[in-house]
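# A closer look at the structure
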Amino acid sequence: RFYVVDAVGEGLLVVQTRPAPRVTRRVALPGGPYAAAVEPDRHDLYVTLTARNEVVRLPAHSRPFVDARFPAVQAPRAIAVTSGAVLVRGAAATQILAPRDPDGERDR
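Just so it is clear, the model here is predicted, and its values are computed rather than measured.

What counts and how
Residues numbered from 1 in each chain as written. Predicted model: local features only at pLDDT ≥ 70, side-chain atom pairs only at ≥ 80, totals over all residues. Heavy atoms only, no water. Pairing = 2+ DSSP bridges. Helix = DSSP H or I, 4+ residues; strand = E, 2+ residues; numbered from the N terminus. Core = buried A, V, L, I, M, F, W, Y, C linked by side-chain atoms within 4.5 Å. Buried < 20%, exposed > 50% of the residue type's maximum accessible area, 1.4 Å probe, protein only. Contact = heavy atoms within 4.5 Å. Axes fitted to C-alpha atoms, helices over the stretch in contact; angles between N-to-C directions.

So, about the pairing of strand β8 (residues 78-82). As a general feature of sheets, a regular strand has side chains that alternate between the two faces. Note: β8 against strand β9 (residues 85-89), 5 bridges, orientation antiparallel. By the bridge assignment for β9, V81 is matched with V86. In this structure, the hairpin formed by β8 and β9 is closed by a connection of 2 residues, where S83 is found at a positive phi of approximately 50°.

The biggest cluster of nonpolar side chains holds 12 residues, and these are A35, A37, Y46, V55, A68, F70, A72, V73, I79, V86, V88 and L97. Elements that contribute at least two residues to this core include exactly β4 (33-39), β7 (68-71) and β9. When near neighbours in sequence (up to four residues on either side) are disregarded, A37 contacts D44, L45, Y46, I79, A80 and V81. The next biggest cluster of nonpolar side chains, apart from the first, holds 11 residues, and it includes Y3, V14, V56 and A60.

This part takes up the sheet that holds strand β2 (residues 11-16). One open sheet accounts for 3 strands, arranged β1-β2-β3; its pairing is antiparallel. Looking along the sheet, the strands with just one partner apiece sit at the ends: β1 (2-6) and β3 (22-28). Each strand of the sheet is rotated relative to its neighbour by a mean of 25°, with strand direction disregarded. Relative to β3, β2 runs antiparallel, the two sharing 6 bridges. Bridging from a neighbouring strand, V15 pairs with V23 of β3.

This is the structure in structure tokens:
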């Protein structure tokens, strides 16, 4: 499967690839979803919401839902995940989020 940010429709599309590509789910993400990155080790998906200056985290599976929200830099337009940190690039600044504690538990 893969995920598509629908900026116009303000949502996240889940696309299954077998037997043929098809959209199997749409998650509403009001607030201007723009960029996404997957953390493969923890199976999390991060999406920027530019109108809310926010990043949301969803479990990266076939039925994702928003399970955490993080304040972000102004107009977050790019995101990347590396070594447990989430890098967010906004209109004029870059931010590093550490959305887990040292034991690997989710922040709540």
